[in-house]
Amino acid sequence: MAKIDLNTVSSGYLSQAALNNNFTAIKNEFQSKVLYRDNPSGEPNSMQNDLDMNGFNILNAGNKAEIGLIDADNVSFVYTGTTSRSVGEKLRDIVSVKDFGAVGDGVTDDTAAIQAAIDYCEANVDGGCVYLPTGKYKVTSTLTVTASKVGFAGAGVGTTLIIPTGNYGDAISFYSGGVDYLQRVFIRDLSLYSASETTSGASVHFTQCRLIHMSNVELAAHFGSLFLESCTHSFFSNVDLKSDANFTSLKTNSYLLKIAQKSGYVIPAELHFVNCDWRGMNGNNYLDYAVLITCVDGAWFSNVHWGFCKTAALAMKPETNTTQLTAVNISNCYFDTVQSYGILAIEPSVSYTGVFGAHAISNGQIYNTGSAIAWNCETSNACTFSNFQILKCQTHAVDLLLAKDLSFDQFSIWDINESLTTGYGFNLQASTSYISINNSSVRKKTDNAPSAGINIASGAAEIVIANMIFEGCTYDIGNNSTSPLKDVSNIRSDKEVPTVAADGFGNLDLEIAYSVFYLNTPHIVTGK
C-alpha cells in the first residue's frame, strides 16, 4: 500500500469536507490495494495476488536469491511429538543419496553421489544408513564401505534399483582393507541388477565382516551374486539371488552364493540363511553353482529354494588340502533342476588332510538332477541325511564315490533314470565304508529303472541296511563286495523272492539273519 496524502484539517465548516475527503482517500486505498479475503469488487487486489494469508503462503516470493537462505539449524518446529527440534536435526535423521546429488533416473551416473553419502556416514562415529529413495541408480565403479555400522536401505525390492553398468568387478564391497572386522553392516529393501554381462566380481562382496544383516534384498545378473569371505555371525533372510540373464555361455565357477576363507583371515562361521530363493536364469546352462562353499565352520540353511545351474546346487569343495569345511546344516530346502548334482561334496585331492564333516541335511526334496547326492570325501565324519524325497534323477540318486561314516534315514527315491537302465537308488562305490541306509524306499516309474535299489561295489565295507522297501528294481540289493554285509534286515520287496544277489552283482554273504517282507504275500520269510 502506498503512502496516503491527507488534507490538513482546520477549524470552521471546511473541516467537515476535509475529513470526508481524507476518509474517502483512505477507503479507496484500502479498497483497491490492501488485502482482505472478501473483495467487494469480486477481483483480487494487488496484495492478494502476492499473499495468501489463510494458507500462510507468499505467492510471488521469487527465487531463493531474492528472499535469502535460512540455515535449517536455526528453524525450530514441533511435529509429531512434544519436543522442539531444528529442521536441520530432523533432516539429518535420514542420509539420502539425493542430498548428495543422486538423480535415480537410470541414465545419470550416480556413483559419486552414492559414494559421497557412504563417506558422510563413515565419518560419523555412530555410522549411518545410506538411504536410496525410489528410483534407478546407475553406477559405473565399485561402491566401497570401509567402516562399521554403515549400510544401505531402499524403498523396497524392485522399487529401489541399483544398476551396475560395465564389467568392473564387485558392485558393492564391504571391507576395512585389513584384518580388522567390519561389524554391524547391513543391506535391506532394495534390488541390484547388472546392466551387462560380467566376467568377475560379485553383486555384493563382504570381506572380514561380522554381524551382517541382509533382508528383503534381490541380487541378480552378476558373475557372482553374494560373496562372503571370512565372515562370521551373520544373518540373511528373504534374499533372492539370480544369475546373470546376460550370460550367453557357461561361466566356470560362477555362483549365486560363495562362502570362502580369505588367506590369512578367519574361517567363516556361524552364518544363517532363511526364506531365500537362489536359482539361475537361462535354464540351467550357464550358471555353474547355486552355492559354492570352500571353507566354513557352521552354516545353517532353512527354507531355501536353490537350483537351475550346471554343476551343483550345493557344492562343498575345500579350497586346499588343509582347509576346514564343517557343520553345514540344511533343513526344509528344495533343490531343483541341475544338470550334474543336487548336492556335491568333493575333496581337492587324495592328499587332503583337512577337517571335513559333521554335516546334517534333512527335510527336503531334490528334483530333476543328474545325481541327487554325490559324495567324494573319504575324510568325512558323522554326516547325516534324513527325511528326503528324491525325484527324477538321470543317473544314481545317491552316488557315494569315496565316502565314510554317512547315515541315510527316511529317504523316498522315485523315478531314477527314466530313459536308461543303469541307475541305482544308492550306489556304494569302492573305498566306501561305514554307511548306514535305513527306513527308506526305492521305487521306479517306468520299466527301465532302476537296475538296482542298492548297488555295493567291490571294496565297500561295513554297510548296514535295514527297514527298506524296493519296488520295480531289477535287483533289490546287488553286492560285489568281498567284505560281508554287517546287517541287512527287514527288506520289503515286490518280488516273490527278493533279489539280494544275482549275476553281475556277486554273492551276498550275510553274517546275521534278516527278515524279508514281500509286497505280494502275507507271510514273513527269514533266511541266512
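Residues numbered from 1 in each chain as written. Predicted model: local features only at pLDDT ≥ 70, side-chain atom pairs only at ≥ 80, totals over all residues. Heavy atoms only, no water.

Visitor: Sorry, what's going on with the overall build of the chain here?
Guide: Of regular secondary structure, the chain possesses five helices and 38 strands. The buried share among the 528 residues of the chain stands at 48%. Look at the contacts in the chain between residues 6 or more apart in sequence, and 68% of them connect residues 24 or more apart. Per element, the accessible surface of the chain, about 23,500 Å² overall, is 51% carbon and sulfur. (Helix = DSSP H or I, 4+ residues; strand = E, 2+ residues; numbered from the N terminus. Buried < 20%, exposed > 50% of the residue type's maximum accessible area, 1.4 Å probe, protein only. Contact = heavy atoms within 4.5 Å. Areas by Shrake-Rupley, 256 points an atom, 1.4 Å probe, with all protein chains shown as cover.)

Visitor: How do you make sense of the side chain of aspartate 409 when you look at a structure like this?
Guide: Inspection of the secondary structure assignment puts aspartate 409 in strand E30 (residues 398-416). Of the buried charged residues, aspartate 409 lacks a salt bridge, with arginine 443 as the closest side chain of opposite charge at 15 Å. A polar atom in the side chain of aspartate 409 sits 3.1 Å from the side chain of glutamine 410. In this structure, aspartate 409 is in contact with Phe385, Ser386, Asn387, Asn438, Asn439 and Ser440, ignoring residues within four places of it in sequence. (Lys, Arg positive; Asp, Glu negative; His and termini not counted. Salt bridge = Lys/Arg side-chain N within 4 Å of Asp/Glu carboxyl O. Polar contact = N/O pair within 3.5 Å; in protein donor to acceptor, adjacent residues only side chain to side chain.)

Visitor: What should I look at first to understand the environment of histidine 233 in this one?
Guide: Counting through the fold element by element, histidine 233 comes out in strand E19 (residues 232-242). Note on histidine 233: relative accessible area 32%, which makes it partly exposed. Excluding residues within four positions of it along the chain, histidine 233 makes contact with Arg210, Leu211, Ile212, Ala269, Glu270 and Leu271. A polar atom in the side chain of histidine 233 sits 3.2 Å from the side chain of threonine 232.

Visitor: Teacher, can you tell me more about the state of the cysteines here?
Guide: Disulfide: a covalent bond formed between the sulfur atoms of two cysteine residues. Evaluated as defined, the whole model comprises zero disulfides. Between cysteine 209, a cysteine without a disulfide, and cysteine 231, which holds the nearest cysteine sulfur, the sulfur-to-sulfur distance is 4.7 Å. Among the residues examined, cysteine 209 registers a relative accessible area of 0% and is labelled buried. Cysteine 377 provides the cysteine sulfur closest to cysteine 383, a residue in no disulfide bond, and the two sulfurs are 8.4 Å apart. (Disulfide = S-S within 2.5 Å.)

Visitor: It is not clear to me how the nonpolar core should be interpreted in this structure. Could you clarify?
Guide: Taken as a class, soluble globular proteins show a tendency for nonpolar side chains to be buried jointly. In terms of nonpolar packing, the biggest core is built from 105 residues, with Phe206, Phe301 and Trp375 touching the most fellow members. Not counting residues within four places of it along the chain, the set of residues in contact with phenylalanine 206 comprises Phe174, Val185, Ile187, Ile212, Met214, Leu226, Phe227, Leu228, Glu229 and Cys231. Counting six residues, the second largest nonpolar core, distinct from the first, contains Leu292, Ala312, Leu344 and Ala374. (Core = buried A, V, L, I, M, F, W, Y, C linked by side-chain atoms within 4.5 Å.)

Visitor: Just to check I follow, could you spell out the pairing of strand E29 (residues 383-393) for this structure?
Guide: It is a general feature of regular strands that their side chains alternate between the two faces of the sheet. As paired strands, strand E27 (residues 360-377) and E29 are joined by eight bridges and run parallel to one another. Bridged to serine 362 within E29 is serine 386. Relative to E30, E29 runs parallel, the two being bridged by nine bridges. Bridge pairing in E30 links leucine 391 to tryptophan 414. (Pairing = 2+ DSSP bridges.)

Visitor: Please explain the pattern of salt bridges as it appears in this structure.
Guide: Oppositely charged side chains can pair when the atoms bearing their charge come close. According to the stated counting rule, one finds eight salt bridges in the structure shown. Two residues, glutamate 89 and arginine 85, come together in a salt bridge whose shortest N-O distance is 3.7 Å. Judged by relative accessible area, which is 23%, arginine 85 ranks as partly exposed. Residues joined by salt bridges that share partners form a network here, namely Asp240, Lys242, Asp277 and Arg279.

Visitor: When you look at the side chain of serine 194 in this model, what are you seeing that I'm missing?
Guide: Within the secondary structure, serine 194 is located in the loop between strand E14 (186-193) and strand E15 (202-207). Residue serine 194 is classed as buried on the basis of its relative accessible area, which comes to 8%. Side chain to side chain, serine 194 and histidine 222 meet in a polar contact 2.6 Å long.

Visitor: Where do I start with the confidence of the model for the chain in this structure?
Guide: Do not read the predicted coordinates in detail wherever pLDDT is low. Overall, the predicted model of the chain reaches an average pLDDT of 83, with 78% of residues at or above 70. In the model, residues 501-528 has pLDDT below 50 throughout and makes 69 contacts with residues more than four positions away in sequence or in other chains. (pLDDT = per-residue confidence, 0-100.)

Visitor: Whenever I open this one, the packing of aromatic side chains confuses me. Can you help?
Guide: Each aromatic ring pair is described using two quantities: the centre-to-centre distance and the angle formed by the ring planes. With the rule as written, the count across this model stands at 21 aromatic pairs. The interplanar angle of 90° and the centroid separation of 5.3 Å between the aromatic rings of tryptophan 375 and phenylalanine 385 together place this pair among those described as edge-to-face. With a gap of ten residues between them, tryptophan 375 in strand E27 and phenylalanine 385 in strand E29 connect regions that are remote in the sequence. Take tryptophan 375: its relative accessible area is 0%, and that puts it in the buried class. Under the relative-accessibility criterion, phenylalanine 385 is labelled buried at 1%. For the ring pair phenylalanine 408 and phenylalanine 411, a centre distance of 5.6 Å and an interplane angle of 85° mean the geometry is edge-to-face. (Phe/Tyr/Trp six-rings, centres within 6.5 Å; stacked < 30°, edge-to-face > 60°.)

Visitor: What should I look at first to understand unusual backbone geometry in this one?
Guide: A negative phi angle characterises most non-glycine residues, just as the trans form characterises most peptide bonds. Non-glycine residue asparagine 332 carries a positive phi angle of around 55°. Mapped onto the secondary structure, asparagine 332 falls in strand E25 (residues 325-346). According to the relative accessible area criterion, asparagine 332 is partly exposed, its value standing at 42%. One non-glycine residue with positive phi stands out, namely serine 431, at about 65°. With respect to the element layout, serine 431 can be found in the loop between strand E31 (424-428) and strand E32 (433-443). Classification of serine 431 as partly exposed rests on a relative accessible area of 39%.

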